[in-house]
Every structure is written in C-alpha cells, then in structure tokens.
Amino acid sequence: MNQMTRRKPAPTPVADAMPDDDACWDAFLARDRAMDGRFVGCVATTGIYCKPSCAARHPKRENMAFLPDPAAAQAAGYRACLRCHPDAVGRDRLAVAAAIAFIEAAEETPRLEAIAAHAGYAPHHFHRLFKRETGLTPAAYARGVRVGRLKATLAQPGSVTAAIYDAGYSAPSRAYADARQHLGMTPSAWKDGGRGATIRWRVVDSSLGPMLVAATDKGLCRISFGEGEAELRARFPHAALLPSDDALDAMAQRVSALVDDPGTHVDLPIDVRGTAFQQAVWAALRAIPPGETRSYGEIAAAVGRPGAVRAAGTACGVNNLAVLIPCHRVVRGDGTLGGYAWGVEKKRALLAQEKGK
Ligand SMILES: [Zn+2]
C-alpha cells in the first residue's frame, strides 16, 4: 500500500530452505541478524546451539554443525545458548509480524500498549524488539503507514478532515504536524522579515504574464504575478536576495507551466509561514482538483472549523504561493468569484483555463 509496507522485516522463515553449510558459516562469522531463525549452529565441543547473530566467540569451523531449527538441535542432544536465546527467534519474528499486521489493519493508530498486548509482550520489551527487527519504533512505523494513507487519500477529491480521519489520525493537529514533516509543508525557519535567510528569485514568463518565483534553501516562499525585486525586498527586508540558480530556474519553469497545465502533479518544496489553521487551509486548497471550486464555507468546514468562514477567507488572501497553492479555486457561497490577491481578472482567467481542460 505504501513504502512502509515494503520495509517489513523478512517474513518468518519457517518455510524457507536452510542455507548451505558455507553460507551458514559466513552468516555466523558476520553475526548476520537477518539469518536468525533460518537455522541454528551447534557447537560439538560445548553441546550448545546458537543463532547466527550470537555475540559469543566463534568456535572452530570443524566443531560446528548446522541444523534447521531448535527442535532439530535438541533432538540431536544440544542445549540452547543462554546468551543468544535461539529459541526465542521465531517467536519474536512472529510477534513483530503480528504487530505489523495489527498496525496496518487498525483504523486508528494503536497505542504501544495495545500493540504489545496484541503481540503478547510487555510494552518496553516489545518496543526494543520491534526496533531491532524493523529498524523503526512501533510509533514511527505507524506514522509511516498513516502518512502513506494520507498521501493516498489527499490525492482523492473530498474533505481534508475526512481524509485525515480516514488515514487513522485521532485529530487534525497531528496530521498537520506530520504534513509539515512529510508533505513538504515545512514550517519556515525565517522570521522577522527574513533575517538570516537567503532567498533566490527570478521572474518567469507565463501565459498570464510575468511571475515572480522566490525560494529559500528550504523551498518556495513567494510566487506572485506582476511583482519584482522591489516587492520581494519589501516583503523580506532583512533577507539576502540572490539571483536565480539552476535549482530555482527548474522550479520556476515548472511553476509557469502549471499556469497552462494545472492538472500536472507538482511536488515542489514549500517554505511558507502560517498558523496551524492557515496551513490547514492551504493544505485543503491543494486538495481541490483543477477545474473545481469550493466556497470559503466549504474550506472552513473541510478543516474542521465550519464557523470560521472569514478566517478561511483571510488564509486564502495571505497565500504566498499563487497557483501552486490554488487559492483561485475558492469562490463565494453565491457562486460569484470573490477576491484575488493578484486581481480578479487573473482568477477568472485561471479558472477558465482549468475548466477548459
Ligand atoms: Zn549463543
């Protein structure tokens, strides 16, 4: 379903064929954790059997025999190593696999206690075990599952709030926090007129006239029509303004192409400041499909604040990224166009272009 699914640990290897003796020996020498559970090594001189990752000193090759599993080793008269607990491997793997299935099937993200209980372990112990097997904590794994779901649902038309709950978040605020981390909505490092920030900028042609495109090293911070260096400097008086470079040129081309081809999927980094509410509104705007419009009231409702129509309108009005955050897709409840920071004629033209598609 998403990238996380592919990062699952190898399935419990009950049915896997045992590697040949040379491969087994190599796995022991490398203390290869991934081979734990595939076989055990029996040490003739001590009568002990170990899993491949056992930290104990290695015996001589000729004193070692390899058997498929603990049961076979016990049948041959060996005892389990007290250091590496070879009998627990299969059980641990099964528990982690069960926990992953539990996390992925859960509608809401389960708590560690619930995951551990499902797997039959104490929470603290299970946390360590899960991390050892997957490289991730259970919470990080669950977050990956949720972000994957959120990306998938946000690509569908519909309410952002519904998408958030569908993805298994318990509250929009958590989703916004994740969105900032994973969906390219970085909370900006810049403050105070851009003090300390470096902003590269250029003006590109578009079919609706010249566009200013500016970016910090984190992402796009200003896209607008009819502005230039003077307006950028007024907005970020304390930032260092530099001419464009290759990276910004490439982004600017994609932004201007978006004017003519609004259906294109763009995944450009964004560096804009806003309150949690404003960021939620901007995320909601990005979920409106090209060619469709929403009312300010619908946007307010979509972010879980149905009464906040005026605030939603303000959030649209202070949008810094024309076209990329499509505030032009929001109209008045009575169907009239409403305002647009870059002039209502631009808004009309953008919408006409999209509906013509
Ligand atoms: Zn051992």
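Residues numbered from 1 in each chain as written. Predicted model: local features only at pLDDT ≥ 70, side-chain atom pairs only at ≥ 80, totals over all residues.

1. Description of the environment of A308
So, point 1. For A308, the position within the fold is in the loop between α13 (296-302) and α14 (309-317).
So, point 2. With 11 residues separating them in the primary sequence, A308 and G297 have C-alpha atoms 7.6 Å apart. (Helix = DSSP H or I, 4+ residues; strand = E, 2+ residues; numbered from the N terminus.)

2. Here we look at unusual backbone geometry
So, point 1. We note that H85 has phi near 45°; this positive angle belongs to a residue other than glycine.
So, point 2. Relative to the helices and strands, H85 resides in the loop between β4 (79-80) and α4 (88-105).
So, point 3. Under the C-beta neighbour-count criterion, H85 is labelled partly exposed, with 14 such atoms within 10 Å.
So, point 4. With a phi close to 70°, V323 is a non-glycine residue in the positive phi region. (Buried ≥ 20, exposed ≤ 12 C-beta atoms within 10 Å, placed from the backbone.)

3. Quick notes on the sheet that holds strand β2 (residues 48-50)
Hydrogen bonding along the main chain pairs the strands of a sheet, whether they run parallel or antiparallel.
So, point 1. Strand order in this open sheet of 4 strands is β3-β1-β2-β4, and the pairing throughout is mixed. The open sheet has two edge strands with one neighbour each: β3 (64-67) and β4.
So, point 2. Examined bridge by bridge, strand β1 (residues 40-43) and β3 share 4 bridges and lie antiparallel to one another. Residue pairing in the sheet places V40 in a bridge with L67 of β3. (Pairing = 2+ DSSP bridges.)

4. What about the UniProt feature "active site" (unreviewed entry) in the protein?
So, point 1. Here, UniProt's "active site" (unreviewed entry) annotation points to C50 and C327.
So, point 2. Position of C50 among the secondary structure elements: in strand β2.
So, point 3. Excluding residues that lie within four positions of it along the chain, C50 makes contacts with V40, G41, A56, C81, C84 and P86.
So, point 4. Tracing the backbone shows C327 in the loop between α14 and β12 (330-331). (UniProt positions renumbered as here; feature names shortened; annotations may be inferred. Contact = placed C-beta atoms within 7 Å.)

5. Quick notes on the packing of α4 against helix α6 (residues 123-134)
So, point 1. Contact geometry of α4 with α6 gives a least axis separation of 10 Å together with a crossing angle of 90°. Relative to α6, the element α4 is oriented roughly perpendicular. Only L129, F130, E133 and T134 of α6 make contact with α4, whose side of the interface consists of D92, R93, V96 and A99.
So, point 2. Here the residues of the contact of α4 with α6 are counted per class, giving 4 nonpolar, 1 polar and 3 charged. (Axes fitted to C-alpha atoms, helices over the stretch in contact; angles between N-to-C directions. Parallel < 35°, antiparallel > 145°, perpendicular 65-115°, else oblique. Nonpolar A, V, L, I, M, F, W, Y, C, P; charged D, E, K, R; others polar.)

6. A look at helix α5 (residues 112-119)
Note that an α-helix has 3.6 residues per turn; residues three or four places apart therefore point the same way.
So, point 1. When we look at burial in α5, the residues that qualify are I115, A116 and A119. Projection of α5 onto a plane perpendicular to its axis shows the buried side chains occupying an angular sector of 95°, all on one side.
So, point 2. Following α5 by one or two positions, G120 adopts a phi angle in the positive range, close to 85°. (Arc of directions from axis to C-beta.)

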